[in-house]
Amino acid sequence: MKRILQVTLLCLFTSLHIFAQQPQKPTSSEIYEAIKKLNFLGSVLYVAAHPDDENTRLISYFSNEVKARTAYLSLTRGDGGQNLIGPEIRELLGVIRTQELLAARRIDGGEQFFTRANDFGYSKHPDETLAIWNKEEVLSDVVLAIRKFKPDIIINRFNHRNPGTTHGHHTSSAMLSIEAFDIVNDKSKYPNQLQTTEAWQPKRLFFNTSWWFYGSRENFEKADKTNLLEIDTGVFFPSSGLSNPEIAALSRSQHKSQGFGSSGSRGSQMEYIELIKGDLPNEKANIFEGIDTTWNRIEGGQAIGNILHAVQENYDFNNPSASIPELVRAYKAIQNLSDTHWKTIKTKEIKDIIAACAGLYIEASANTNHATAGSEIDLNLEVINRSDANIVLKSINNPNGISIDKNLELKNNVNYDFKEKLKVNANQNVSTPYWLTKKGSLGMYKVEDKNLIGKPETPRPLVFEFHLNIENIDISYTKPLVYKTNDPVKGEVYKPFEIIPEASAHITEKVIIFDSDSQRDVEVIVKAGRDNIDGYVQIAHPNNWKVFPEKQKVNISNKGQEASLIFTVIPPNEQSEGLITPMVHIGNNIYTRALTEIEYDHIPTQTVLLPSESKIVRLDIKTKGQHIGYIEGAGDVIPESLEQIGYKVSTIAPEDISASTLNSFDAIVIGIRAYNTVDDLKFKQQALFDYVAQGGNLIVQYNTNRRLKVDQVAPFELKISRDRVTDETAEVRLLETDHEVLNYPNKITAKDFEGWTQERGLYFPNEWSEEFIPILSMNDKGETPKSGSLLVAKHGKGYYVYSGLSFFREFPAGVPGAYRLFANMLSLGKNDIKTN
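In this report, we go over the structure that sits alongside the text. Along each chain, numbering runs from 1 in the same order as the chain's sequence is written. It should be noted that, the model being predicted, local features are given only for residues of pLDDT at least 70 and side-chain atom pairs only at 80 or more, the latter also being counted only at that level, while totals for whole chains, interfaces and linings use all residues. The side-chain numbers reported here are obtained from all heavy atoms of the structure, hydrogens and water having been left aside.

**Comments concerning the pairing of strand β22 (residues 520-528)**
Criterion used throughout: strands pair if DSSP finds at least two bridges between them. Segments assigned H or I by DSSP are reported as helices when at least four residues long, segments assigned E as strands when at least two residues long, and all are numbered from the N terminus. In the sheet, strand β20 (residues 503-507) pairs with β22 via 5 bridges, with the strands oriented antiparallel. From the neighbouring strand, Ile507 faces β22, where its bridge partner is Val524.

**A closer look at the packing of helix α9 (residues 301-313) against helix α10 (residues 324-334)**
Think of two packed helices as two axes; the pair is described by the angle between the axes and how far apart they sit. Fitting a line to C-alpha atoms yields each axis, with helices limited to the stretch in contact; the angle taken between N-to-C directions then spans 0 to 180 degrees. α10 packs onto α9 with a crossing angle of 160° between their chain directions and a minimal axis gap of 9 Å. When the axis of α9 is compared with that of α10, the two are roughly antiparallel. Considering only the axes of α9 and α10, their crossing is left-handed. Along the contact surface, α9 presents Ile304, Ile307, Leu308 and Val311, while α10 presents Glu326, Leu327, Arg329, Ala330, Ala333 and Ile334. Angles below 35 degrees are treated as roughly parallel, those above 145 as roughly antiparallel, those between 65 and 115 as roughly perpendicular, and all remaining angles as oblique. Throughout, a crossing is termed right-handed when the near helix is turned clockwise from the far one, and left-handed when it is turned anticlockwise from it by less than a right angle. We call two residues in contact whenever any of their non-hydrogen atoms come within 4.5 Å of each other.

**Let's talk about the side chain of Ser504**
Relative to the assigned elements, Ser504 resides in strand β20. Remark: exposure states derive from per-residue accessible area (1.4 Å probe, protein chains only) relative to the maximum for the residue type, with buried under 20%, exposed over 50%, and partly exposed in between. By relative accessible area, Ser504 is classed as buried at 6%. Residue contacts for Ser504: discarding those within four places in its chain leaves Ile525, Val526, Lys527, Arg593 and Leu595.

**A closer look at the pattern of salt bridges**
We define a salt bridge as a side-chain nitrogen of Lys or Arg found within 4 Å of a carboxyl oxygen belonging to Asp or Glu. Applying the stated criterion across every chain, the model contains 40 salt bridges. Of the charged contacts in the structure, one is a salt bridge between Glu179 and Lys135, with a shortest N-O distance of 3.0 Å. Pair noted here: Glu179 is in helix α6 (residues 168-183) and Lys135 is in helix α5 (residues 135-149), with a separation of 44 residues, a long-range link. Between Lys150 and Glu198 there is a salt bridge; the shortest N-O distance is 2.1 Å. Note that Lys150 is positioned in the loop between α5 and β4 (153-156) and Glu198 in the loop between α6 and β5 (204-209), a separation of 48 residues in sequence. By relative accessible area, Lys150 is classed as buried at 8%. Members of the salt-bridge network, linked through shared partners, are Lys124, Asp780, Glu783 and Lys786.

**Structural notes on the packing of aromatic side chains**
A pair of Phe, Tyr and Trp rings is counted when the ring centres sit within 6.5 Å of each other, with Trp represented by its six-membered ring. The angle between the planes then sorts it: under 30 degrees is stacked, over 60 is edge-to-face, the rest tilted. If you walk through the whole model with that rule in mind, you get 24 aromatic pairs. Ring centres of Tyr315 and Phe317 lie 4.9 Å apart, and the angle between their planes is 85°; on these two criteria the pair is classed as edge-to-face. Residue Phe317 is classed as partly exposed on the basis of its relative accessible area, which comes to 40%. Judged by centre distance (4.9 Å) and plane angle (80°), the ring pair of Phe807 and Phe822 falls under edge-to-face. Placement of Phe807 in helix α16 (residues 807-810) and of Phe822 in helix α17 (residues 816-826) is noted, with a sequence separation of 15 residues between them. You can call Phe822 buried: its relative accessible area is 0%. One aromatic cluster in this structure is built from Phe753, Trp756, Phe807, Phe811, Tyr819 and Phe822. We note Lys225 situated over the ring of Phe220; from NZ or CZ to the ring centre the distance is 4.6 Å. Only when the NZ of Lys or the CZ of Arg is both within 6 Å of the ring centre and within 35 degrees of the ring normal is a charge said to sit over the ring. Looking at Lys551, its charged tip hangs above the ring of Tyr536, at a distance of 4.6 Å from the centre.

**Topic: the environment of Asp279**
Mapping Asp279 onto the fold places it in the loop between β9 (270-277) and α9. Once the C-alpha coordinates of Asp279 and Glu289 are considered, the two residues, 10 residues apart in sequence, prove to be 9.7 Å apart. In contact with Asp279, other than residues within four places in its own chain, are Lys203 and Arg204.

**Notes on the sheet that holds strand β39 (residues 772-774)**
Two strands in a sheet stick together by hydrogen bonds in their backbones, pointing the same way (parallel) or opposite ways (antiparallel). Taken in spatial order, the 7 strands line up as β33-β32-β34-β35-β42-β41-β39 in an open sheet, and their pairing is mixed. Of all strands in the sheet, those with a lone pairing partner are β33 (648-651) and β39, marking the two edges. Taken over all neighbouring pairs, the strand axes of this sheet differ in orientation by 20° on average, direction set aside. Sheet analysis places strand β35 (residues 697-700) next to strand β42 (residues 798-803), joined by 4 bridges and oriented parallel. Across the sheet, the residue bridging to Leu698 is Tyr800, located in β42. Its contacts with the sheet put helix α15 (residues 685-693) on β32 (627-631), β34 (667-670), β35, β41 (790-795) and β42, and the angle it makes with β42 is roughly 125°.

**Examining the pairing of β32**
Taken across its 5 residues, β32 has 4 buried, putting it largely inside the fold. The pairing of β32 with β33 spans 4 bridges and is classified as parallel. Along β33, the bridge assignment pairs Gly629 with Ser650. Crossover handedness is defined by viewing with both strands directed away from the observer: a clockwise path from the first strand over the helix to the second marks the crossover as right-handed. What joins β32 to β33 is helix α12 (residues 638-644), and the crossover it makes is right-handed.

**Notes on the sheet that holds strand β24 (residues 546-548)**
One open sheet holds the 4 strands; their spatial order is β20-β22-β26-β24, and the pairing between them is antiparallel. Edge positions in the sheet fall to β20 and β24, since each has one partner strand and no second. Adjacent strand axes in the sheet meet at a mean angle of 30°, parallel and antiparallel pairs treated alike. Pairing of β22 with strand β26 (residues 562-570) involves 8 bridges; the strand directions are antiparallel. Bridge assignment links Glu523 to a residue of β26, and that residue is Ile566.

**Some points on unusual backbone geometry**
The omega angle of the peptide bond from Phe548 to Pro549 is -10°, so this bond is cis rather than trans. Checked against the element boundaries, Pro549 lands in the loop between β24 and β25 (551-556). The backbone of Asn407 sits at a positive phi, close to 45°, despite the residue not being glycine. When its relative accessible area of 58% is taken as the criterion, Asn407 is described as exposed. In this model, Tyr763 sits at a positive phi of 50°, which is unusual for a non-glycine residue. Along the chain, Tyr763 falls in strand β38 (residues 761-768). The class of Tyr763 is buried, set by a relative accessible area of 12%.

**Digging into the environment of Leu442**
Take Leu442: it is sitting in the loop between β15 (414-423) and β16 (463-470). Separated by 323 residues in sequence, Leu442 and Asp119 place their C-alpha atoms 8.5 Å apart. Excluding residues within four positions of it along the chain, Leu442 makes contact with Asn118, Phe120 and Ile132.

Okay, here's the thing in structure tokens:
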């Protein structure tokens, strides 16, 4: 699905645009705020478990009001969550949520870091979490993040003192942060890190508490607040016309895949942080008390501070370029600092400010957004100085071999464009998220290049160095190569420039179900990354399966074009499952990865290369009925999954729900979280209930118990809880062994619950009327049995089914038992077996 890439948001102290890769164009007010930030030498690190856990009010406050260097360390990338905006789950969802965090930080002014921990799904206790994550490795990543960022202050989002009462990832993030605080200055801990960083001791560690952690506002009012600091984050910024909570809401609203759109507020807004480690400030609103956050904190900084405070005092909003001579003088002095940490940070900050004051626009763009190693691309290099500052473009360099000497004086408001050609190195790595290049474990990403650990994304593949002389001082700017084009509707469009393989391939179906020993044709799509690819394709397959023909030639003339090849797959007689992988042979190279592009309007286009695998399942399954109606929710793969086992599925728009429409279907399936996300369904519930009463079969998949759009989820009393079973191997007990749903047309046994992935299910009802029959019972270790995962009620002539089982995860994984059970759910009422 194609989505418009451009989004415009009013941001504070950053570019007005957050388009992918577009050069920033700060306003005069934004430049002034950046100068104020240049004069603050203090850092805050916020720590939590997932994307969207962060408190954007505090991050924005410390970045924009206090002017501290502020960052969020998210231990995971959120792979285990749900996706409200599209079909991507697991690794691809993690890519989306990574970019949503970066989009949020572009708005609130923070930086973003990660560990190698993988979000494997909901966990009920930190003991489980840390065992699956590999505690020692994640702790080392937290220590590394602190040693690199060198925060004066650490703020945990979650409480470390209540293990087992909330998400295990949440508690673990706080526990690891506290442990890291205690050992980060110990050189005997993770000594290999000290080759690229150094030991560091933060001054204080806080827990970002609130009334929610006390159970109620009343309890919070009564609580002892001796160790709590109270911060009013509701400040107003005249330079942008926005309050801090409004900026925080814009930032939080970037978590679109999780449905976290937020409305901004105005006025006083209090945040509370509880001291956990370090000394309590006497001035309770000043977390930096006792920490020198001026230029005086570093050797040689006083003179620099004197220059820059004068720049701040004398700043001319109508002529920012008047500050350039003194800024350049400060830049030169910064280069002589012995403190490499602050030297690196402040060098980048002041370079950006100098460029902004000069109206300096520098860009390296390509005529394509994709290229292969060894190919040649056309470039456009643009430089313009929009000030009277003395600026000379000395040269432009690129590691791939471009070295252009210019020694060109950049006159005020004269645009200079240079057309060049670039040959990409033959050994240039392809572009893909670095944490996905190697297969990791359930709880950990595998990152072989230790220099990448913690980075939010893979460094750009091609960069250009623009060497300038500004007011007789040499200053260089590094710019990534981007793709820029003009769209007749959108106007100027930017995309990241990526290196892709010369060929990629995927099978059109991720899961292929064989309900008999009959052969099936599968389609392989081969995509050319360059012109004139010539080779052949094979399919790797399990030994007890057969594929014909053994190989097929492929020839594609033009880059970006695709070729379709049909192979016939013959299953074994017995039940079996495995993986098939297309292999594209080009010369001496074999390509086995699929190229996926993710496009949404709030994040840059993402290019992801993952192993090209499809699951094949020879399944003993029977079905009844043919025509299934599907009402979309927050995103699942129900239609294509049911079509795999022979059903014809039609999607029904909410506005088309009526008796005449519904009665043409053997069963109706409602997508996950539809009652949380589809407003129109509140007007259609009675029509759905009437359909059941007249003999229809309605299957409702899980919804959360908050923000329901409907007054009544079921025709009878039904209360959704937060009950869930996170252990995908938890025993499943069959409560009603004679019930039709467990017997027809497929006999369901314990074996059908083998091989499930990530979890059994979530948001089970915990209260229901006597009309409902609970079919299954299950529970996580040490918990009471949960019987609300699958409830069936007879309503009039038909059946109403509510299921919290995670079919939306099991179907894409090709879990045989999930298909068999769902087929039975669809077949209710189509057999003469007597139902309890």
